[in-house]
Amino acid sequence: MDRKEIVMIGSGGCMRELVWQMQEQNKMRDAWKILGYVDQQEPADERGVMVGKQWIPYLGDDEYLIRKKEETNVVIGVGEPLLRKKIADKLKKNPCLTFPNVILGDTRVCEDVKMGEGCIISMDARISTNVRMGDFVFLNIGSKICHDGRIGDFVTLSPGAVLAGNVAVGALSEIGMETCVRQGIRIGEHTVAGAGSVIVKNIEGNCTVVGVPADKRRGNK
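Residues numbered from 1 in each chain as written. Predicted model: local features only at pLDDT ≥ 70, side-chain atom pairs only at ≥ 80, totals over all residues. Heavy atoms only, no water.

A word on the overall build of the protein
- A tally of regular secondary structure across the protein gives 3 helices and 26 strands.
- With the principal axes as the frame, the protein shows a C-alpha extent of 50 × 40 × 30 Å.
- Per-residue burial over the protein gives 47% buried out of 221 residues.
- Total accessible area on the protein is roughly 10800 Å²; 49% of this is exposed by carbon and sulfur atoms.
- Distance between charge centroids for the protein: 3 Å, based on 30 positive and 29 negative side chains. (Helix = DSSP H or I, 4+ residues; strand = E, 2+ residues; numbered from the N terminus. Buried < 20%, exposed > 50% of the residue type's maximum accessible area, 1.4 Å probe, protein only. Areas by Shrake-Rupley, 256 points an atom, 1.4 Å probe, with all protein chains shown as cover. Lys, Arg positive; Asp, Glu negative; His and termini not counted. Charge placed at Lys NZ, Arg CZ, Asp CG, Glu CD.)

Below is the structure:
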């Protein structure tokens, strides 16, 4: 992969953790040049934010990218699905912005996996054979998708989440840290699965589920 110049979106822990993973990857091969970050809030330090020993400069708010006239690679470093969609919908109005798929660290992705644009695959993630992923899917550190998975747009898998074979997750869903999903399960759109849940039955969507086994606690507005 050629070295990519990248502008990051966000200033929180999610973005900073992605920068750290890029730094680690650059130690093995010069893959990423981080130009800076964009956020609605200006930093407390005029130098930007510090990640490791590197200052990531603040470039401005969303208007910095909306006004861009040259092709620019953008990574939306935001874990919350609805906010990630809101940002993507706004920025995609500028045809000069591109959203590459970012595959980081000691990741394993089968060659037959298909994914849309703007996906983030964090270090130690695993994606097995015949998996299909939509746009702006975010796999956190150590998450796994087994064979024949179907993952909708703007889905987030938190650290350590595991989807067994032939699991489908609807758009804008968030699977909590260390959550496990049994083989063949269908999870509807706008579902939030609490940390450590074990999902053993289909979930209609538009709800929050928690527990072992996971059960619906409330509907999502």
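A closer look at helix H3 (residues 81-91)
- All of the buried residues along H3 are Pro-81, Arg-84, Ile-87, Ala-88 and Leu-91. When H3 is viewed along its axis, its buried side chains cluster within an angular range of 130° and face the same direction.
- At the N-terminal boundary of H3, the capping side chain belongs to Glu-80, with an oxygen 3.1 Å from the backbone nitrogen of Leu-82. (Arc of directions from axis to C-beta. Polar contact = N/O pair within 3.5 Å; in protein donor to acceptor, adjacent residues only side chain to side chain.)

Quick word on the layout of surface pockets
- Taken as a whole, the largest pocket holds about 210 Å³ of empty space.
- For the largest pocket, the full set of lining residues is Ile-9, Gly-10, Val-38, Asp-39, Gln-40, Asp-62, Val-78, Leu-83, Lys-86, Ile-87 and Lys-90.
- Per element, the largest residue contribution to the lining of the largest pocket is 4 residues, and it comes from H3.
- For the lining of the largest pocket, the per-class residue count stands at 5 nonpolar, 2 polar and 4 charged. (1 Å grid on protein atoms, 1.4 Å probe; cavity = no way out; pocket = protein on both sides within 12 Å on 5 of 7 lines; lining within 4 Å. Points joined across faces, edges and corners; volume = space filled by probe spheres on them. Nonpolar A, V, L, I, M, F, W, Y, C, P; charged D, E, K, R; others polar.)

Topic: the pairing of strand S6 (residues 72-76)
- The element S6 is largely enclosed, with a buried count of 5 among its 5 residues.
- Burial along S6 is two-sided: the residues Thr-72, Val-74 and Ile-76 and Asn-73 and Val-75 are all buried.
- Bridge count for strand S1 (residues 4-9) against S6 is 3 bridges, and the pairing is parallel. From the neighbouring strand, Val-7 faces S6, where its bridge partner is Val-74.
- For S6 and strand S7 (residues 97-98), the ladder comprises 2 bridges, and the chain directions are parallel. Opposite Thr-72, over in S7, you have Leu-97 as the bridge partner.
- In this view, the connection linking S6 to its parallel neighbour S7 by way of H3 has right-handed handedness. (Pairing = 2+ DSSP bridges. Right-handed = clockwise from strand over helix to strand, strands pointing away.)

Describing helix H1 (residues 13-28)
- Taking 1.5 Å per residue, 16 residues should reach 22 Å; H1 reaches 23 Å between its end C-alpha atoms and fits that length.
- Every buried residue of H1 is accounted for by Met-15, Leu-18, Val-19, Gln-21, Met-22, Gln-23 and Gln-25. (Expected span 1.5 Å × (residues − 1).)

Description of the environment of Pro-43
- Inspection of the secondary structure puts Pro-43 in the loop between strand S2 (32-38) and strand S3 (49-51).
- Distance in space between the C-alpha atoms of Pro-43 and Ser-11 is 8.5 Å, their sequence separation being 32 residues.
- Sequence-distant contacts of Pro-43, defined by excluding residues within four places in its chain, comprise Tyr-37, Gly-48 and Tyr-58. (Contact = heavy atoms within 4.5 Å.)

Topic: the sheet that holds S7
- Strand order in the open sheet formed by 5 strands is S5-S2-S1-S6-S7, and the pairing between neighbours is parallel. In the strand order of this sheet, the two ends are held by strand S5 (58-60) and S7, each with one partner.
- Sitting on the sheet, H3 touches S1, S6 and S7, and the angle it makes with S6 is about 165°. (Axes fitted to C-alpha atoms, helices over the stretch in contact; angles between N-to-C directions.)

What about unusual backbone geometry?
- The residue after Val-212, namely Pro-213, is reached through a cis peptide bond having omega -5°.
- With respect to the helices and strands, Pro-213 occurs in the loop between strand S25 (207-210) and strand S26 (215-219).
- One non-glycine residue with positive phi stands out, namely Asp-148, at about 65°.
- Looking at the element boundaries, Asp-148 is found in the loop between strand S15 (144-145) and strand S16 (150-151).
- Overall, the relative accessible area of 26% leaves Asp-148 in the partly exposed class.
- Look at Asn-166: it is not a glycine, yet its phi comes out positive at around 60°.

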